[in-house]
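# Close look at the chain arrangement
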Amino acid sequence: MRQFIPVAEPALVGNERAYVIDCLDSTWISSRGAYIGRFERAFAEFCGARHAIACSSGTAALHLALLALGVGPGDEVIVPTLTYVATANAVVYCGARPVFVDSEPATWNIDPALLEARITPCTRGIVAVHLYGHPADMGAVVDIARRHQLFVVEDAAEGLGAEAHCRRVGMFGDLAAFSFYGNKIVTTGEGGMVICNDDLSAARVRRLKEQGITPGRPYWAEEIGYNYRMTNIAAAIGLAQIERVDWHLARRRANAALYRAALEGCAGLELVGEQPWARHAYWMNCVLLARDTPIERDALIAAMAMQGVETRPVFYPLHTLPIYRDADQERAFPVAEALAARGLNLPSSALLTAEEIAYVAETLLTLVEPQSRLLSRHRFS
Ligand SMILES: *Cc1c(COP(=O)(O)O)cnc(C)c1O
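A quick note: this is a predicted structure, and the numbers were derived from the prediction, not measured.

In this section: the sheet that holds strand β6 (residues 163-164). A sheet is described by the order of its strands in space; here 3 strands give the open sequence β7-β6-β11, paired in antiparallel fashion. A strand with exactly one partner marks an edge of an open sheet, and here the two such strands are β7 (167-168) and β11 (278-279). One ladder, built from 2 bridges, connects β6 with β11; its direction is antiparallel. Bridge pairing in β11 places Glu163 opposite Arg279.

Structure representation (structure tokens):
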């Protein structure tokens, strides 16, 4: 067993090395080369999308998706407050304003019951996030969006392979964004992907990621674009990862089942499970500390680290960050605040062994339930 068990790590178990060496040997190391198209096609096929457009990060993918939908100054875009900061930043990059919504207690995702109260004449759309790999309730979100003629973007950075209502996430909304950062389910080091079915949106995303240059007319730009390209080397890694995506997802699922078996029934902890309509991708295994545990969350994280186990606090709700605090002063987001105060992520890499998971669970239980653990040890010894 390892001395240090990380929260996340890349699992480079397939053709990654061979494909990267092929890039080096061929000198196709920049943002042209065969691997980009191959990765895009393989990814589109996995998602059941007509188009997949590779780009430089998940944040760039979100920005491109919102730009393709025409988001601009004066617009409002509804986002969950409990998410990674990039979700709201991409809205701000467009000159628009993020409007926050609280979480559902069961899934931690944007609460559809609170959505309509946040819609104003300036609202253009909703970004739903599949937080930690549990899908958002896309049936309800899409329903509300259609009724109010709003777009839906899925921030699927953490949700690759998750399913809602037996359909893989990414194709519920108008466009979806994925991230391939080093800790994500599939990684390219840094990278992202936009997927959609609409030909015009796809063309717009492709143009915007290439400086707004008109296709077929080199150096001619009719709008301000960006350099959001992915390199062939990154795509080579991504292709190797997506070739083995079923292995990655199965490993995560098996690990989550081991955590559940080891931790279920512990009075001090609540495990975040799967809703009946959902298939969790288990980017992160999350637990919520009960209110009366003898140890506070941040002290628990420090104590786990002393035992060689890395854990992470849940994201800060965005309305509590200095950059977003003023945007929504009036509002209370009690669910997200409670989850953020008492939630943590356990090591969730696809490479974890059963022995490592047992050690993480045992370390956690000993800290969270010192009394009952001592009793049970006594009873069985
Ligand atoms: C990782 C992540 C992003 C951003 O992806 P990068 O590739 O790091 O830019 C966006 N949204 C969520 C929910 C994420 O977890």
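Moving on, we come to the confidence of the model for the chain. Predicted coordinates in regions of low pLDDT should not be interpreted in detail. Looking at the chain as a whole, its pLDDT mean stands at 95, while 96% of the residues score no less than 70. In the predicted structure, residues 377-381 sits below a pLDDT of 50 and forms 2 contacts with residues beyond four places in sequence or in another chain.

For the structure shown, the criterion picks out 3 cavities of 30 Å³ or more. Its volume calculated, the largest cavity comes out at about 120 Å³. Together, 15 residues line the largest cavity, and Val272, His280, Tyr282, Asn285 and Cys286 are the ones closest to its centre. Secondary-structure elements contributing two or more residues to the lining of the largest cavity are α8 (245-263) and β12 (285-289). Top element by residues in the lining of the largest cavity is α8. It accounts for 3 residues. Its residues assigned to classes, the lining of the largest cavity comprises 10 nonpolar, 4 polar and 1 charged. If you trace the second largest cavity, you find it lined by Glu9, Pro10, Ala11, Gly182, Lys184, Ile185, Thr187, Gln241, His248, Arg252 and Ala350.

On to the site of the ligand. The immediate surroundings of the ligand are formed by 15 residues, with Thr59, Asp155, Glu158, Ser179 and Lys184 found nearest. Within the side chain of Glu158, a nitrogen or oxygen atom sits 2.5 Å from an oxygen atom of the ligand. Within the contact set of the ligand, an oxygen atom lies 2.7 Å away from a side-chain nitrogen or oxygen of Ser179. Taken by itself the ligand offers 380 Å² of open surface, and the protein chains cover 93% of this. Every element with two or more residues in the shell around the ligand is listed here: α3 (58-68) and α4 (86-93). Top contributing element to the shell around the ligand by residue count: α3, with 3 residues.

Calculation notes
Here the residue index of a chain counts from 1 through its sequence in written order. Residue-level local features of this predicted model are given only where pLDDT is at least 70; pairs of side-chain atoms are given and counted only at 80 or more, and the full residue set underlies all totals for whole chains, interfaces and linings. Calculated side-chain values reflect all of the structure's heavy atoms, with hydrogen atoms and water omitted. When DSSP finds at least two bridges between two strands, those strands are taken to pair. Numbering goes from the N terminus for both helices and strands, where a helix is a DSSP run of H or I of at least four residues and a strand is a run of E of at least two. Confidence of the prediction at every residue is given by pLDDT, a number between 0 and 100. Contacts: residue pairs with any heavy atoms within 4.5 Å of one another. Within this scheme a cavity is a closed region of a 1 Å grid, computed over the protein atoms alone, that accommodates a 1.4 Å probe without allowing it to escape, whereas a pocket is open but has protein on both sides within 12 Å along at least five of seven lines; lining residues each have an atom within 4 Å of a point. Grid points are joined across faces, edges and corners, and a volume is the space filled by probe spheres set on the points. Gly is put with the polar residues, along with every residue not named as nonpolar or charged; the nonpolar set is Ala, Val, Leu, Ile, Met, Phe, Trp, Tyr, Cys and Pro, and the charged set is Asp, Glu, Lys and Arg. Nearness of a residue to a molecule or strand requires only that one of the residue's heavy atoms be within 4 Å of it. As used in this structure description, the phrase polar contact means that two N or O atoms lie within 3.5 Å; if the pair is within protein, one of them must be able to donate a hydrogen and the other to accept it, and residues adjacent in sequence are counted only when both atoms belong to side chains. Residue burial considers only the protein chains on display, and all accessible areas are found by Shrake-Rupley using a 1.4 Å probe.

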